[in-house]
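Residues per chain, in single letters:
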Amino acid sequence: MSEAVLYVVATPIGNLADMTPRAVEVLQSVSLIAAEDTRHSARLMAHFNIKTPMISVHDHNERQRIDRIVQQLGQGESLALISDAGTPLISDPGFVLVRAVREAGFRVVPVPGCSALVAALCAAGLPSDRFIFEGFLPAKTGARRQLLEALAAETRTLIFYESPHRILASLEDMLACFGAERFVVVARELTKTFETIEGQALGELLEWMRGDTNQQKGEFVVLVQGAPAREAEALDPEALRVLDLLLEELPVKQAAGLAARITGLKKNALYQLALERRG
Ligand code: SAM
């Protein structure tokens, strides 16, 4: 395997002080930086005195850029991939490139840092042991509602990215699919001046946001508490008896696994229920 490396480098999601020293060092040392938008990233480069040349790699030219990047790696030159903000590939371009570079036999090295979804999750106060990241919801209401319906019984914390011009419409569709009582946290403008992390029952949260247009501005992560595991109980009361019996003898994970095999219910739902019953 060649010594040349493609570094996948996270950059700040607002506050430039979140740039890691390792990110600066790597970006200064590589031969070329593949950036989602070179003009946007020029400001970051200037701030950190990074003079490395950049080329654009975005959704529309990623495949064409691969040959050039693989060729440069073949000549022993290391490169870095960045996106406009946060971690590349997370609702950002880069997956096709990373896969191609690995397939060509070169090393891909992560240089971790910010990602809005992790920043939001660690401050939201929602269960974080298991979660689903859904990225951006579909732009059209029909498709959006269809997806949300499919997620309504999901017991894990749900995480979405949202833009200011769709935040109200998306929350309204969530209300229709998840109900007004579901607890939702909106994390807005993380690491920036107007950072706001607000959690309320969805009905109240929507009212609060409708009442303050400032809260509709900026960048958003929406986190939705998972459906209560009790729904499994409602589906089949017998499952609860089975689970309780197994919990008397077995650890939570094993009890939930066995109960799932006996009852045919989802293991994850039974696991959540088992955790609750164990207190
Ligand atoms: N790659 C990025 C990451 O690692 O988080 C995400 C890029 S995606 C194109 C941009 C979306 O991320 C925004 O529309 C918003 O939903 C979310 N986002 C990015 N920065 C944010 C911030 N400072 N506060 C809240 N959400 C943010």
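Reading the values: rules and limits
- Residues numbered from 1 in each chain as written.
- Predicted model: local features only at pLDDT ≥ 70, side-chain atom pairs only at ≥ 80, totals over all residues.
- Heavy atoms only, no water.
- Phe/Tyr/Trp six-rings, centres within 6.5 Å; stacked < 30°, edge-to-face > 60°.
- Helix = DSSP H or I, 4+ residues; strand = E, 2+ residues; numbered from the N terminus.
- Buried < 20%, exposed > 50% of the residue type's maximum accessible area, 1.4 Å probe, protein only.
- Lys NZ or Arg CZ within 6 Å of the ring centre and 35° of its normal.
- Pairing = 2+ DSSP bridges.
- Axes fitted to C-alpha atoms, helices over the stretch in contact; angles between N-to-C directions.
- Contact = heavy atoms within 4.5 Å.
- Near = heavy atom within 4 Å.
- Polar contact = N/O pair within 3.5 Å; in protein donor to acceptor, adjacent residues only side chain to side chain.
- Areas by Shrake-Rupley, 256 points an atom, 1.4 Å probe, with all protein chains shown as cover.
- Nonpolar A, V, L, I, M, F, W, Y, C, P; charged D, E, K, R; others polar.
- Domains from an automatic or database assignment.
- Parallel < 35°, antiparallel > 145°, perpendicular 65-115°, else oblique.
- Left-handed = near helix turned anticlockwise from the far one by under 90°.
- Buried area = accessible area lost by both parts, 1.4 Å probe.
- Salt bridge = Lys/Arg side-chain N within 4 Å of Asp/Glu carboxyl O.

Points about the packing of aromatic side chains
Part 1 of the argument: Summed over the entire model, instances satisfying the criterion amount to two aromatic pairs.
Part 2 of the argument: When the ring of F136 is compared with that of Y161, the centres are 5.8 Å apart and the planes differ by 65°; the resulting orientation is edge-to-face. Highlighted residues: F136 in strand 6 (residues 131-136) and Y161 in strand 7 (residues 157-162), separated in sequence by 25 residues.
Part 3 of the argument: Overall, the relative accessible area of 9% leaves Y161 in the buried class.
Part 4 of the argument: Each residue in the set F133, F136 and Y161 is aromatic and connected to the rest through ring pairs, giving one cluster.
Part 5 of the argument: Sitting over the ring of F178, R182 keeps its end group 4.8 Å from the ring centre.

Overview of the sheet that holds strand 6
Part 1 of the argument: The five strands lie next to each other as 6-7-10-8-9, forming an open sheet whose pairing is mixed. Two strands close off the open sheet at either side, each with one partner strand: strand 6 and strand 9 (196-201). Averaged over all neighbouring strand pairs, the angle between strand axes comes to 15°, with direction disregarded.
Part 2 of the argument: Relative to strand 10 (residues 220-224), strand 8 (residues 183-188) is paired through five bridges, and the arrangement is antiparallel. Note on strand 10: the bridge partner recorded for V186 is V222.
Part 3 of the argument: Relative to strand 10, helix 7 (residues 167-178) is tilted by about 5°, and along the sheet it contacts strand 7, strand 8 and strand 10.
Part 4 of the argument: Against the sheet, helix 8 (residues 202-210) engages strand 8, strand 9 and strand 10, with an angle of about 135° to strand 9.

Details of the site of the ligand
Part 1 of the argument: Contacts to the ligand come from 19 residues, most closely from D92, S115, A116, Y161 and F220.
Part 2 of the argument: Contacts to the ligand include D92, whose side-chain N or O atom sits 2.8 Å from a nitrogen atom.
Part 3 of the argument: Within the contact set of the ligand, an oxygen atom lies 2.8 Å away from a backbone nitrogen or oxygen of A116.
Part 4 of the argument: When the free accessible area of the ligand is taken as 570 Å², the share hidden by the protein chains comes to 91%.
Part 5 of the argument: Secondary structure elements with two or more residues in the shell around the ligand: strand 7 and strand 10.
Part 6 of the argument: Of the residues that constitute the shell around the ligand, the class distribution is 10 nonpolar, four polar and five charged.
Part 7 of the argument: In terms of domain composition, the shell around the ligand takes at least three residues from each of domain 1 (5-114) and domain 2 (117-224).

Quick look at the packing of helix 11 (residues 252-263) against helix 12 (residues 267-278)
Part 1 of the argument: In the contact formed by helix 11 and helix 12, the axes pass within 8 Å of each other and the chain directions differ by 135°. The orientation of helix 11 with respect to helix 12, classified from their angle, is oblique. The two elements helix 11 and helix 12 cross, and the hand of that crossing is right-handed. In this structure, helix 11 uses V252, K253, A256, G257, A259, A260 and T263 to contact helix 12, whose residues at the interface are K267, L270, Y271, A274, L275 and R278.
Part 2 of the argument: Of the residues contributing to the contact of helix 11 with helix 12, the split by class is eight nonpolar, two polar and three charged.

Considering the domain arrangement of the protein
Part 1 of the argument: Annotation of the protein at the domain level lists domain 1 (5-114), domain 2 (117-224) and domain 3 (231-278).
Part 2 of the argument: Between domain 1 and domain 2, the C-alpha centre-to-centre distance is 29 Å.
Part 3 of the argument: Of the residues lining the interface, six residues belong to domain 1; the matching set on domain 2 comes to 10 residues.
Part 4 of the argument: When domain 1 packs against domain 2, close to 500 Å² is buried across both sides, 64% of that on carbon and sulfur atoms.
Part 5 of the argument: Of all residues in domain 1, the largest losses of buried area upon contact with domain 2 belong to I13, I90 and S91, amounting jointly to 75% of the total for that side.
Part 6 of the argument: The tally of links from domain 1 across to domain 2 stands at zero salt bridges.
Part 7 of the argument: For the pair domain 1 and domain 2, the number of links is one residue pair in polar contact (both at pLDDT 80 or more).
Part 8 of the argument: Its residues placed into classes, the side of domain 1 that touches domain 2 shows two nonpolar, three polar and one charged.

Observations concerning the pattern of salt bridges
Part 1 of the argument: Overall, the coordinates contain 10 salt bridges when judged by the stated rule.
Part 2 of the argument: Among the salt bridges present, the one from R210 reaches E172, with a minimum N-O distance of 3.2 Å. Taken together, the positions of R210 in helix 8 and E172 in helix 7 put the pair 38 residues apart, joining distant regions of the chain.
Part 3 of the argument: Residue classification places R210 among the partly exposed positions, given a relative accessible area of 39%.
Part 4 of the argument: A salt bridge links E238 to R241; the shortest N-O distance between them is 3.1 Å. In this pair, E238 and R241 both sit in helix 10 (residues 237-249), three residues apart, roughly one turn of the helix.
Part 5 of the argument: Judged by relative accessible area, E238 falls into the partly exposed class, the value being 39%.

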